[in-house]
Amino acid sequence: MAQGHELCTQVMSVSTMAATFDSLDRDCLTNVLRFVRPCCMRRVSCVDKCMRNAVVDERARRITLFPAGATKRTSINASTGCNMLCSSPDGSCFVGAGSTACSREATVYDNQLLVKGLLQANSTRVFSVATDGKHHVTGHLNGNIQIWHAATLTFTCGLQHGRSPVLGLAVRGDVLISGSKESTAKRWSIALCTCCSTLQHQPHKTVNSVDVDEASIATASDDQTCRLWTHSSDDSIHVLHHAAEVTAVSLASEVVATGCCDNNVRVFAVDSGQLLRTLRGHCCEVLAVYATDGVVVSGACDKTVRVWLMEEEAVAVLEGHSTSVQGVALGPGGGLVASLSDCEMLTWRAPTFSPAWRACGCHGKCQCPKGQGTSAHTPIVAPCVARN
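Every chain is numbered on its own, with residues counted from 1 as its sequence reads. Residue-level local features of this predicted model are given only where pLDDT is at least 70; pairs of side-chain atoms are given and counted only at 80 or more, and the full residue set underlies all totals for whole chains, interfaces and linings. Calculation of side-chain values draws on the structure's entire complement of heavy atoms; hydrogens and water are dropped beforehand.

## What about the sheet that holds strand β5 (residues 105-110)?
Under the convention used in this document: Two strands qualify as a pair provided that DSSP identifies no fewer than 2 bridges between them. Helix numbers and strand numbers start at the N terminus; a helix is a DSSP run of H or I with at least 4 residues, a strand a run of E with at least 2. To obtain an axis, a line is fitted to C-alpha atoms, over the contacting stretch when the element is a helix, and the angle between two such axes runs from 0 to 180 degrees between their N-to-C directions.
Ordered by their spatial adjacency, four strands build an open sheet running β3-β4-β5-β6, and the pairing between neighbours is antiparallel. Since the sheet does not close on itself, it has two edges, and those belong to β3 (85-87) and β6 (115-120), each with one partner. Direction aside, the axes of adjacent strands within the sheet are offset by 20° on average.

## Things to note about the sheet that holds strand β12 (residues 175-180)
Strand order in the open sheet formed by four strands is β11-β12-β13-β14, and the pairing between neighbours is antiparallel. Of all the strands in the sheet, the pair left with one neighbour each is β11 (166-172) and β14 (194-200). Neighbour-to-neighbour, the strand axes of this sheet turn through a mean angle of 20°, independent of strand direction. Relative to β12, β11 runs antiparallel, the two sharing six bridges. Each residue of the ladder has a partner; that of V171, found in β12, is L176.

## Comments concerning the nonpolar core
Rules: Think of a nonpolar core as a cluster: buried Ala, Val, Leu, Ile, Met, Phe, Trp, Tyr and Cys residues, connected wherever their side-chain atoms sit within 4.5 Å. When accessible area is computed with a 1.4 Å probe and restricted to protein chains, residues below 20% of their type maximum are described as buried, those above 50% as exposed, and intermediate ones as partly exposed.
Core analysis: the biggest nonpolar cluster contains 20 residues, and L85, F94, V95, L113, L119, V129 and M345 have the highest contact counts within it. At the level of secondary structure, the elements contributing two or more residues to this core comprise β3, β4 (93-97), β5, β7 (126-131) and β28 (336-340). Counting 16 residues, the second largest nonpolar core, distinct from the first, contains Y290, V297, V305 and A316.

## So, the environment of A191
Residue position: A191 is located in the loop between β13 (184-189) and β14. With a relative accessible area of 66%, A191 lands in the exposed category. For the pair A191 and V175, spaced 16 residues apart in the sequence, the C-alpha separation amounts to 8.8 Å.

## Focus on unusual backbone geometry
You will see that Q224, though not glycine, has its phi angle at about 70°, which is positive. Along the chain, the position of Q224 falls in the loop between β16 (216-221) and β17 (225-230). One non-glycine residue, S253, lies in positive phi territory at about 60°. Considering the arrangement of structural elements, one finds S253 in the loop between β19 (246-252) and β20 (255-260).

## So, the pairing of strand β23 (residues 286-292)
With six of seven residues buried, β23 is to be regarded as a mostly interior element. Between the antiparallel neighbours β23 and strand β24 (residues 295-300) lie two residues, among them D293 with a positive phi of about 45°.

## Notes on the side chain of S189
The criterion, for reference: We call two N or O atoms a polar contact when they sit within 3.5 Å, provided that within protein one can donate a hydrogen and the other can accept it, with sequence-adjacent residues counted only if both atoms are side-chain atoms. Pairs of residues are marked as contacts when any of their non-hydrogen atoms sit within 4.5 Å.
The residue S189 is located in strand β13 in this model. Taking the relative accessible area as the measure of exposure, S189 reaches 5% and is therefore buried. Within the structure, the side chain of S189 is placed 2.9 Å from the side chain of D174, a separation counted as a polar contact. Sequence-distant contacts of S189, defined by excluding residues within four places in its chain, comprise D174, T194 and C196.

## Things to note about the packing of aromatic side chains
Formally: Note on ring pairs: Phe, Tyr and Trp rings are taken, using the six-membered ring of Trp, and paired if centres are within 6.5 Å. Classes follow the plane angle, with under 30 degrees stacked, over 60 edge-to-face and the rest tilted.
Scanning the entire structure with this criterion turns up one aromatic pair. With a centroid separation of 5.6 Å and an interplanar angle of 75°, the aromatic rings of W148 and F155 are classed as edge-to-face. A residue is classified by how much of its surface remains accessible, and W148, at 5% relative accessible area, is buried. On the basis of relative accessibility, which here comes to 45%, the residue F155 falls in the partly exposed class.

## Regarding the pattern of salt bridges
As a reminder, the rule being used: Any carboxyl oxygen of Asp or Glu within 4 Å of a side-chain nitrogen of Lys or Arg constitutes a salt bridge here.
Tallied over the entire structure, the rule returns three salt bridges. R266 is paired through a salt bridge with D262; the nearest N and O atoms lie 2.6 Å apart. Here R266 matches D262 in class, with each residue buried.

## A closer look at the confidence of the model for the protein
Where we set the bar: Here pLDDT means the predictor's own confidence in every residue, given as a number from 0 to 100.
Of the residues in the protein, 68% reach a pLDDT of 70 or more, and the chain-wide mean stands at 75. Mean pLDDT per element in the protein: helix α3 (residues 45-51) is the minimum at 28, and strand β18 (residues 238-241) is the maximum at 97. The low-confidence segment residues 1-65 (pLDDT under 50) makes 95 contacts with residues lying over four places distant or belonging to another chain. Ignoring residues within four places in sequence, the model shows residues 354-388, a span with pLDDT below 50, making 82 contacts including any to other chains.

Structural data, given as structure tokens:
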């Protein structure tokens with residue numbers, strides 16, 4: 001066991017040094033990691049059995065699979081809040097609150113986090129952003145919402161949620177959802193530029209975050225709940241209770257992920273509202289969550305970004321921010337993670353999260369041909385030889 005742990009430490013050291021080169025070959029990295037995982041997993045096999053249907057504690061399995069340190073650091077001037085960074089559903093673009101010059105602007109990036117342009121709002125500071133690849137939306141300190149055409153970055157229309165800051169935004173097609181300090185979320189029609197319905201949380205409790213997809217709407221509030229709604233009703237279909245204020249929410253098909261002031265990330269089933277997983281590891285309030293296709297990315301006041309596989313464990317702990325992480329996003333295929341604070345945006349590159357590897361169910365624990373050769377993506381961990 002001691003020899004295995006020593007080998008694991010030596011290999012991780014080699015991987016960390018090699019990762020400092022931009023030209024690091026992905027296959028080389030995954031070949032290194034295939035030897036790391038068996039050693040580390042043996043040490044936590046007992047923990048796995050105890051936590052299979054309970055809580056995942058990533059601290060028992062802290063294995064950083066990402067290159068050491070951020071590969072890109074961009075200085076920005078942004079407000080302090082949550083939901084400050086987002087990506088389009090297809091990963092073709094990102095929008096972040098603030099710019100290098102002003103917190104009243106928002107910055108649009110391409111899928112490699114290169115700046116495409118600025119959304120120069122004629123309003124107060126940007127407190128939230130959203131995009132679906134067709135529309136970019138900014139929410140402001142004075143309750144103003146501004147909508148932009150994504151292709152041309154031109155302003156199309158403005159809305160007014162109220163007089164308090166717009167802290168949460170989400171857009172999908174013609175549907176726009178906004179949340180504010182006035183304890184409400186509102187559903188808007190972009191084509192009509194009108195409010196279609198108001199979704200009510202407990203009075204005097206801030207709605208911190210919202211999300212929307214084709215079937216559902218999710219809202220997170222200081223009333224210690226996340227609520228799920230349909231597009232056709234003003235009554236919530238599920239009320240997901242938490243131990244503290246809920247600061248972030250993200251829908252991913254059949255599940256919804258939340259970030260909470262009790263330092264935890266939770267994953268619920270959308271159809272039943274059942275708690276599926278509690279992800280522990282942050283040591284301070286979670287301010288940002290992004291979920292997609294079996295992967296959750298979270299950012300917190302502890303200045304770290306954590307990447308999780310919903311089914312099993314934390315994949316990476318990304319450190320480098322000097323202040324609280326207020327926004328996170330995942331690029332196409334999982335090969336790029338972006339995070340934003342009030343003064344900088346950091347970018348990490350990593351081997352992609354292979355859908356074929358996840359669908360196999362082995363998670364690197366067996367010799368599985370599905371892990372390689374069946375997907376255009378490189379598995380984040382190469383398959384390993386089966387263990388007793």
